[in-house]
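For reference, the chains in residue letters:
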Amino acid sequence: MLQRPYGKTKEMLSVIGFAGIIVMNETQSDANRFVAEALDQGINYFDVSPSYGDAQDKLGPALAGHRQDVFLACKTEKRTRKEAEEALNHSLKTLQTDYFDLYQLHSMTTEADVAQAFGPNGVMETVVKAQQEGKIRHVGFSAHSDYAAQACLDRFPFESVLFPLNWMTYLREGFGKPLVERAQKDGLTLLALKALARCSWPEGMTREARPYPKTWYQPLDDPDRADLALRFTLSLPVTAAVTPGDIRMFRLAMQLIGAYRPITPDEVELLKTWDEDRQPIFTSPKA
(Lines give C-alpha, C1' and ligand atoms only; values in the text may rest on other atoms or scores of the structure.)
Protein backbone atom coordinates (compact mmCIF):
# COMPACT_ATOMS: atom_id res chain seq x y z
CA MET A 1 0.00 0.00 0.00
CA LEU A 2 1.35 3.39 -0.99
CA GLN A 3 1.99 5.58 2.05
CA ARG A 4 2.67 9.27 2.56
CA PRO A 5 3.84 11.23 5.62
CA TYR A 6 1.53 12.94 8.06
CA GLY A 7 2.85 16.47 8.35
CA LYS A 8 6.29 16.96 9.81
CA THR A 9 6.13 13.71 11.75
CA LYS A 10 7.70 10.47 10.64
CA GLU A 11 4.33 8.74 10.69
CA MET A 12 3.23 7.26 7.40
CA LEU A 13 -0.43 6.94 6.42
CA SER A 14 -1.94 4.71 3.77
CA VAL A 15 -3.06 6.98 0.92
CA ILE A 16 -6.50 5.40 1.13
CA GLY A 17 -8.40 6.03 4.34
CA PHE A 18 -11.10 3.75 5.69
CA ALA A 19 -14.34 5.67 6.25
CA GLY A 20 -16.10 4.69 9.46
CA ILE A 21 -19.46 4.97 7.73
CA ILE A 22 -18.57 1.73 5.96
CA VAL A 23 -19.35 -0.20 9.15
CA MET A 24 -22.39 1.89 10.11
CA ASN A 25 -25.57 -0.20 10.32
CA GLU A 26 -23.64 -3.40 9.57
CA THR A 27 -23.58 -6.48 11.76
CA GLN A 28 -20.57 -6.72 14.04
CA SER A 29 -19.45 -9.77 12.10
CA ASP A 30 -19.46 -7.85 8.81
CA ALA A 31 -17.79 -4.85 10.43
CA ASN A 32 -15.02 -7.10 11.72
CA ARG A 33 -14.63 -8.61 8.27
CA PHE A 34 -14.47 -5.25 6.48
CA VAL A 35 -11.85 -3.91 8.90
CA ALA A 36 -9.77 -7.11 8.65
CA GLU A 37 -9.91 -6.83 4.87
CA ALA A 38 -8.64 -3.25 5.07
CA LEU A 39 -5.83 -4.15 7.46
CA ASP A 40 -4.78 -7.08 5.27
CA GLN A 41 -4.42 -4.70 2.32
CA GLY A 42 -2.22 -2.27 4.21
CA ILE A 43 -4.76 0.33 5.35
CA ASN A 44 -3.67 2.00 8.58
CA TYR A 45 -5.69 5.25 8.46
CA PHE A 46 -9.20 4.95 9.92
CA ASP A 47 -11.61 7.89 10.17
CA VAL A 48 -14.81 7.95 12.23
CA SER A 49 -17.20 10.31 13.97
CA PRO A 50 -19.93 9.98 16.62
CA SER A 51 -22.30 11.54 14.08
CA TYR A 52 -21.99 8.43 11.87
CA GLY A 53 -24.78 6.46 13.48
CA ASP A 54 -23.44 3.38 15.25
CA ALA A 55 -20.09 3.41 13.40
CA GLN A 56 -18.07 3.94 16.59
CA ASP A 57 -19.84 1.04 18.30
CA LYS A 58 -18.88 -1.26 15.42
CA LEU A 59 -15.39 0.07 14.73
CA GLY A 60 -14.16 -0.20 18.32
CA PRO A 61 -14.55 -3.98 18.59
CA ALA A 62 -13.42 -4.46 14.98
CA LEU A 63 -10.10 -2.74 15.75
CA ALA A 64 -9.54 -4.69 18.98
CA GLY A 65 -5.99 -6.02 19.03
CA HIS A 66 -4.89 -3.69 16.23
CA ARG A 67 -4.94 -0.30 17.94
CA GLN A 68 -1.16 0.12 17.86
CA ASP A 69 -1.12 -0.68 14.14
CA VAL A 70 -3.45 2.08 13.02
CA PHE A 71 -3.74 5.86 12.85
CA LEU A 72 -7.18 6.46 14.34
CA ALA A 73 -8.88 9.76 13.59
CA CYS A 74 -12.06 10.87 15.31
CA LYS A 75 -14.13 14.06 15.20
CA THR A 76 -16.52 16.16 17.21
CA GLU A 77 -19.42 18.16 15.83
CA LYS A 78 -19.87 19.80 19.24
CA ARG A 79 -19.04 23.49 19.52
CA THR A 80 -19.02 24.05 23.29
CA ARG A 81 -16.43 23.00 25.85
CA LYS A 82 -18.73 20.91 28.05
CA GLU A 83 -20.50 19.07 25.22
CA ALA A 84 -17.19 18.41 23.48
CA GLU A 85 -15.58 17.00 26.61
CA GLU A 86 -18.48 14.58 27.10
CA ALA A 87 -18.38 13.57 23.43
CA LEU A 88 -14.61 13.03 23.47
CA ASN A 89 -14.72 10.78 26.52
CA HIS A 90 -17.64 8.83 25.08
CA SER A 91 -15.78 8.32 21.78
CA LEU A 92 -12.66 7.11 23.59
CA LYS A 93 -14.69 4.60 25.59
CA THR A 94 -16.74 3.41 22.63
CA LEU A 95 -13.72 3.00 20.37
CA GLN A 96 -11.88 1.16 23.19
CA THR A 97 -8.83 3.40 23.20
CA ASP A 98 -7.02 5.77 25.56
CA TYR A 99 -6.12 8.29 22.88
CA PHE A 100 -6.78 9.42 19.33
CA ASP A 101 -3.98 9.88 16.86
CA LEU A 102 -5.97 12.73 15.34
CA TYR A 103 -8.95 14.61 16.75
CA GLN A 104 -10.80 17.05 14.54
CA LEU A 105 -13.44 19.74 14.77
CA HIS A 106 -16.08 18.33 12.46
CA SER A 107 -17.72 20.08 9.52
CA MET A 108 -16.63 23.63 10.16
CA THR A 109 -18.72 25.58 7.67
CA THR A 110 -20.14 28.88 8.83
CA GLU A 111 -18.96 32.03 10.57
CA ALA A 112 -21.05 30.97 13.57
CA ASP A 113 -19.25 27.60 13.72
CA VAL A 114 -15.89 29.33 13.90
CA ALA A 115 -16.95 32.00 16.38
CA GLN A 116 -18.45 29.48 18.82
CA ALA A 117 -15.64 26.92 18.53
CA PHE A 118 -12.94 29.47 19.34
CA GLY A 119 -14.95 31.63 21.72
CA PRO A 120 -15.25 31.44 25.51
CA ASN A 121 -16.21 27.92 26.62
CA GLY A 122 -15.79 26.74 23.04
CA VAL A 123 -14.75 23.28 21.87
CA MET A 124 -11.13 24.34 21.38
CA GLU A 125 -10.73 24.65 25.15
CA THR A 126 -11.54 20.95 25.42
CA VAL A 127 -9.26 20.02 22.52
CA VAL A 128 -6.23 21.88 23.91
CA LYS A 129 -6.74 20.41 27.38
CA ALA A 130 -7.17 16.89 26.01
CA GLN A 131 -3.97 17.18 24.00
CA GLN A 132 -2.10 18.28 27.11
CA GLU A 133 -3.49 15.23 28.92
CA GLY A 134 -2.36 12.85 26.17
CA LYS A 135 -5.85 11.96 24.96
CA ILE A 136 -5.12 13.52 21.58
CA ARG A 137 -1.85 13.35 19.68
CA HIS A 138 -2.58 15.58 16.68
CA VAL A 139 -5.22 18.29 16.20
CA GLY A 140 -7.06 19.05 12.99
CA PHE A 141 -10.47 19.93 11.60
CA SER A 142 -12.75 19.13 8.70
CA ALA A 143 -14.35 21.95 6.75
CA HIS A 144 -16.87 22.32 3.98
CA SER A 145 -16.07 25.86 2.93
CA ASP A 146 -12.90 27.71 2.03
CA TYR A 147 -13.95 30.53 4.35
CA ALA A 148 -14.19 28.26 7.38
CA ALA A 149 -10.90 26.55 6.57
CA GLN A 150 -9.01 29.84 6.36
CA ALA A 151 -10.73 31.20 9.48
CA CYS A 152 -9.76 28.14 11.52
CA LEU A 153 -6.17 28.25 10.32
CA ASP A 154 -5.96 31.92 11.30
CA ARG A 155 -6.88 31.03 14.89
CA PHE A 156 -4.88 27.91 15.78
CA PRO A 157 -1.78 26.00 14.53
CA PHE A 158 -3.70 22.98 13.26
CA GLU A 159 -1.63 20.13 11.87
CA SER A 160 -4.09 18.88 9.26
CA VAL A 161 -7.28 19.69 7.40
CA LEU A 162 -9.83 17.16 6.14
CA PHE A 163 -11.47 18.80 3.13
CA PRO A 164 -13.45 17.91 -0.02
CA LEU A 165 -10.89 17.87 -2.84
CA ASN A 166 -12.84 16.66 -5.82
CA TRP A 167 -12.16 16.88 -9.55
CA MET A 168 -15.41 18.69 -10.43
CA THR A 169 -15.56 21.14 -7.54
CA TYR A 170 -11.84 21.96 -7.81
CA LEU A 171 -11.59 22.37 -11.57
CA ARG A 172 -14.95 24.01 -12.21
CA GLU A 173 -15.48 25.98 -9.01
CA GLY A 174 -12.00 26.47 -7.64
CA PHE A 175 -13.35 24.96 -4.42
CA GLY A 176 -10.37 24.08 -2.24
CA LYS A 177 -7.71 25.93 -4.24
CA PRO A 178 -7.10 28.58 -1.53
CA LEU A 179 -6.63 25.80 1.02
CA VAL A 180 -4.21 23.86 -1.17
CA GLU A 181 -2.14 27.01 -1.67
CA ARG A 182 -2.03 27.70 2.05
CA ALA A 183 -1.22 24.09 2.90
CA GLN A 184 1.80 24.19 0.62
CA LYS A 185 2.92 27.51 2.08
CA ASP A 186 2.47 26.54 5.73
CA GLY A 187 3.36 22.84 5.59
CA LEU A 188 -0.11 21.59 6.52
CA THR A 189 -1.23 18.02 5.97
CA LEU A 190 -4.20 17.72 3.62
CA LEU A 191 -6.58 14.79 4.01
CA ALA A 192 -9.12 14.53 1.22
CA LEU A 193 -12.83 13.85 1.17
CA LYS A 194 -15.07 13.30 -1.87
CA ALA A 195 -12.34 12.17 -4.28
CA LEU A 196 -14.79 9.67 -5.78
CA ALA A 197 -17.85 11.92 -5.70
CA ARG A 198 -19.73 12.77 -8.87
CA CYS A 199 -22.81 14.91 -8.15
CA SER A 200 -25.99 15.05 -6.09
CA TRP A 201 -28.66 12.37 -6.28
CA PRO A 202 -31.70 13.29 -8.39
CA GLU A 203 -34.04 15.59 -6.52
CA GLY A 204 -36.69 13.66 -4.64
CA MET A 205 -34.84 10.31 -4.67
CA THR A 206 -35.25 8.70 -1.27
CA ARG A 207 -32.31 7.24 0.61
CA GLU A 208 -33.83 3.77 0.21
CA ALA A 209 -33.93 4.18 -3.56
CA ARG A 210 -30.28 5.16 -3.86
CA PRO A 211 -27.88 2.48 -5.15
CA TYR A 212 -25.48 3.67 -2.42
CA PRO A 213 -27.75 4.64 0.50
CA LYS A 214 -24.90 5.64 2.83
CA THR A 215 -23.58 8.38 0.51
CA TRP A 216 -25.44 11.68 0.25
CA TYR A 217 -23.94 12.17 -3.24
CA GLN A 218 -23.63 9.95 -6.30
CA PRO A 219 -20.23 8.27 -6.26
CA LEU A 220 -18.18 7.56 -9.37
CA ASP A 221 -18.39 3.79 -9.62
CA ASP A 222 -17.26 3.41 -13.23
CA PRO A 223 -13.70 2.05 -12.79
CA ASP A 224 -12.11 4.11 -15.57
CA ARG A 225 -13.65 7.36 -14.39
CA ALA A 226 -13.04 6.55 -10.74
CA ASP A 227 -9.39 5.92 -11.51
CA LEU A 228 -8.99 9.34 -13.08
CA ALA A 229 -10.86 11.07 -10.26
CA LEU A 230 -8.83 9.36 -7.54
CA ARG A 231 -5.56 10.08 -9.30
CA PHE A 232 -6.56 13.72 -9.65
CA THR A 233 -7.05 14.11 -5.91
CA LEU A 234 -3.91 12.17 -4.99
CA SER A 235 -1.89 14.25 -7.45
CA LEU A 236 -2.65 17.31 -5.33
CA PRO A 237 -0.42 17.76 -2.24
CA VAL A 238 -2.62 15.30 -0.35
CA THR A 239 -1.48 12.68 2.16
CA ALA A 240 -4.55 10.45 1.97
CA ALA A 241 -8.09 10.27 0.59
CA VAL A 242 -10.96 8.86 2.64
CA THR A 243 -13.27 6.76 0.46
CA PRO A 244 -17.06 7.03 0.29
CA GLY A 245 -18.83 5.18 3.10
CA ASP A 246 -19.70 2.04 1.17
CA ILE A 247 -17.66 -1.16 1.14
CA ARG A 248 -18.07 -1.44 -2.64
CA MET A 249 -16.47 1.95 -3.17
CA PHE A 250 -13.70 1.14 -0.70
CA ARG A 251 -12.95 -2.03 -2.63
CA LEU A 252 -12.94 -0.10 -5.91
CA ALA A 253 -10.41 2.35 -4.47
CA MET A 254 -8.24 -0.55 -3.33
CA GLN A 255 -8.46 -2.07 -6.79
CA LEU A 256 -7.34 1.20 -8.39
CA ILE A 257 -4.59 2.33 -6.05
CA GLY A 258 -2.23 -0.48 -7.01
CA ALA A 259 -1.76 1.10 -10.44
CA TYR A 260 -1.54 4.68 -9.16
CA ARG A 261 0.40 7.19 -11.20
CA PRO A 262 0.20 11.01 -11.15
CA ILE A 263 -2.42 12.52 -13.40
CA THR A 264 -1.25 14.11 -16.66
CA PRO A 265 -2.20 17.54 -18.06
CA ASP A 266 -4.12 15.85 -20.88
CA GLU A 267 -6.10 13.83 -18.35
CA VAL A 268 -6.93 16.98 -16.42
CA GLU A 269 -8.29 18.50 -19.63
CA LEU A 270 -10.40 15.38 -20.11
CA LEU A 271 -11.83 15.74 -16.58
CA LYS A 272 -12.95 19.26 -17.43
CA THR A 273 -15.25 17.87 -20.13
CA TRP A 274 -17.08 15.45 -17.85
CA ASP A 275 -20.65 16.04 -16.67
CA GLU A 276 -20.88 19.63 -17.86
CA ASP A 277 -24.66 19.44 -17.39
CA ARG A 278 -24.41 18.42 -13.71
CA GLN A 279 -24.06 20.60 -10.65
CA PRO A 280 -21.00 20.24 -8.38
CA ILE A 281 -21.77 19.09 -4.84
CA PHE A 282 -19.94 22.17 -3.49
CA THR A 283 -19.57 25.63 -5.02
CA SER A 284 -17.42 28.62 -4.23
CA PRO A 285 -18.96 32.05 -3.74
CA LYS A 286 -18.51 34.23 -6.79
CA ALA A 287 -17.05 37.71 -6.42
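This report concerns the structure included in the present document. Just so it is clear, the structure is predicted and the values come from calculations on it, not from any experiment. (Residues numbered from 1 in each chain as written. Predicted model: local features only at pLDDT ≥ 70, side-chain atom pairs only at ≥ 80, totals over all residues. Heavy atoms only, no water.)

1. Some thoughts on the packing of helix H2 (residues 55-62) against helix H3 (residues 81-94)
In step 1: Contact geometry for H2 and H3: axes closest at 8 Å, N-to-C directions at 40°. When the interaxial angle is binned, H2 and H3 end up oblique. In contact with Gln56, Asp57 and Gly60 of H2, H3 contributes His90, Ser91 and Thr94.
In step 2: Class assignment for the residues of the contact of H2 with H3 results in no nonpolar, five polar and one charged. (Axes fitted to C-alpha atoms, helices over the stretch in contact; angles between N-to-C directions. Helix = DSSP H or I, 4+ residues; strand = E, 2+ residues; numbered from the N terminus. Parallel < 35°, antiparallel > 145°, perpendicular 65-115°, else oblique. Contact = heavy atoms within 4.5 Å. Nonpolar A, V, L, I, M, F, W, Y, C, P; charged D, E, K, R; others polar.)

2. Let's talk about the packing of aromatic side chains
In step 1: Under the defined criterion, the tally for this structure stands at 14 aromatic pairs.
In step 2: Arranged with centres 6.2 Å apart and planes meeting at 75°, the rings of Tyr45 and Phe71 form a pair that is edge-to-face. Here Tyr45 is found in strand E4 (residues 45-47), whereas its partner Phe71 is found in strand E5 (residues 71-76), with 26 residues between them in sequence.
In step 3: Tyr45 gets classed as buried once you look at its relative accessible area, which sits at 0%.
In step 4: On the basis of relative accessible area, Phe71 is assigned to the buried category, the value being 4%.
In step 5: Centroid distance Phe163 to Phe175: 5.1 Å. Interplanar angle 25°. Geometry classified as stacked. A residue pair is termed long-range when its members are at least 10 positions apart, and Phe163 in strand E8 (residues 160-164) and Phe175 in the loop between helix H7 (167-173) and helix H8 (177-186) qualify at twelve residues. As far as the burial class goes, Phe163 and Phe175 line up, both buried.
In step 6: Counting every residue linked through ring pairs, the aromatic cluster contains Phe163, Phe175, Trp216, Tyr217 and Phe282.
In step 7: Taking the ring centre of Tyr99 as reference, the NZ or CZ of Arg67 above it sits at 4.2 Å.
In step 8: Geometry around Trp274 places Arg225 over its ring, the cationic atom sitting 4.4 Å from the centre. (Phe/Tyr/Trp six-rings, centres within 6.5 Å; stacked < 30°, edge-to-face > 60°. Buried < 20%, exposed > 50% of the residue type's maximum accessible area, 1.4 Å probe, protein only. Lys NZ or Arg CZ within 6 Å of the ring centre and 35° of its normal.)

3. Brief notes about the nonpolar core
In step 1: Among the nonpolar cores identified, the biggest contains 104 residues, and Phe18, Phe46 and Phe141 are the most heavily contacted of them.
In step 2: Examining the composition of this core, we find that eight residues originate from one element, helix H10 (residues 247-257), more than from any other. (Core = buried A, V, L, I, M, F, W, Y, C linked by side-chain atoms within 4.5 Å.)

4. Side note on helix H1 (residues 28-40)
In step 1: Between its terminal C-alpha atoms H1 stretches 18 Å, which fits the 18 Å expected from 13 residues at 1.5 Å a residue.
In step 2: The set of residues buried in H1 consists of Ala31, Phe34, Val35, Ala38 and Leu39. Down the axis of H1, the smallest arc covering the buried residues is 135°, so these residues share one side. For H1, the exposed residues set more than 90 degrees away from the buried face come down to Ser29 and Asp40.
In step 3: The inward-facing, buried residues of H1 abut strand E3 (16-19), E4, H2 and H10.
In step 4: At the exit of H1 stands Gly42, carrying a positive phi of roughly 95°. (Expected span 1.5 Å × (residues − 1). Arc of directions from axis to C-beta.)

5. Quick notes on the pattern of salt bridges
In step 1: Inspection of the entire model under this criterion finds 24 salt bridges.
In step 2: Between Arg261 and Glu267 there is a salt bridge; the shortest N-O distance is 3.7 Å.
In step 3: Accessibility expressed as a relative area gives 43% for Arg261, which makes it partly exposed.
In step 4: Here the salt bridges do not stand alone but share partners, grouping Glu11, Arg67, Asp101 and Arg137 into one network. (Salt bridge = Lys/Arg side-chain N within 4 Å of Asp/Glu carboxyl O.)

6. Some points on the state of the cysteines
Note: disulfide means a covalent bond formed between the sulfur atoms of two cysteine side chains.
In step 1: Tallied over the full model, the rule gives zero disulfides.
In step 2: In this structure Cys74 is a free cysteine whose sulfur lies 17 Å from that of Cys152, the closest cysteine sulfur available.
In step 3: Relative accessible area serves as the criterion here: at 0%, Cys74 is assigned to the buried category. (Disulfide = S-S within 2.5 Å.)

7. Notes on the side chain of His144
In step 1: In this fold, His144 is placed in the loop between strand E7 (136-143) and helix H6 (146-153).
In step 2: According to the relative accessible area criterion, His144 is buried, its value standing at 17%.
In step 3: A distance of 3.4 Å separates a polar atom in the side chain of His144 from a polar atom in the side chain of Ser107. (Polar contact = N/O pair within 3.5 Å; in protein donor to acceptor, adjacent residues only side chain to side chain.)

8. Structural notes on the side chain of Lys58
In step 1: Take Lys58: it is sitting in helix H2.
In step 2: The residues touching Lys58, leaving out its near neighbours within four places in the chain, are Val23, Asn25, Glu26, Thr27, Gln28 and Ala31.

9. Focus on unusual backbone geometry
Negative phi characterises most residues that are not glycine, and trans characterises most peptide bonds.
In step 1: The residue Asn121 is not glycine, and still its phi comes out positive at about 60°.
In step 2: Unlike most non-glycine residues, Asp275 shows phi in positive territory, near 45°.
In step 3: For Asp275, the location among the structural elements is in the segment after helix H11 (265-271).

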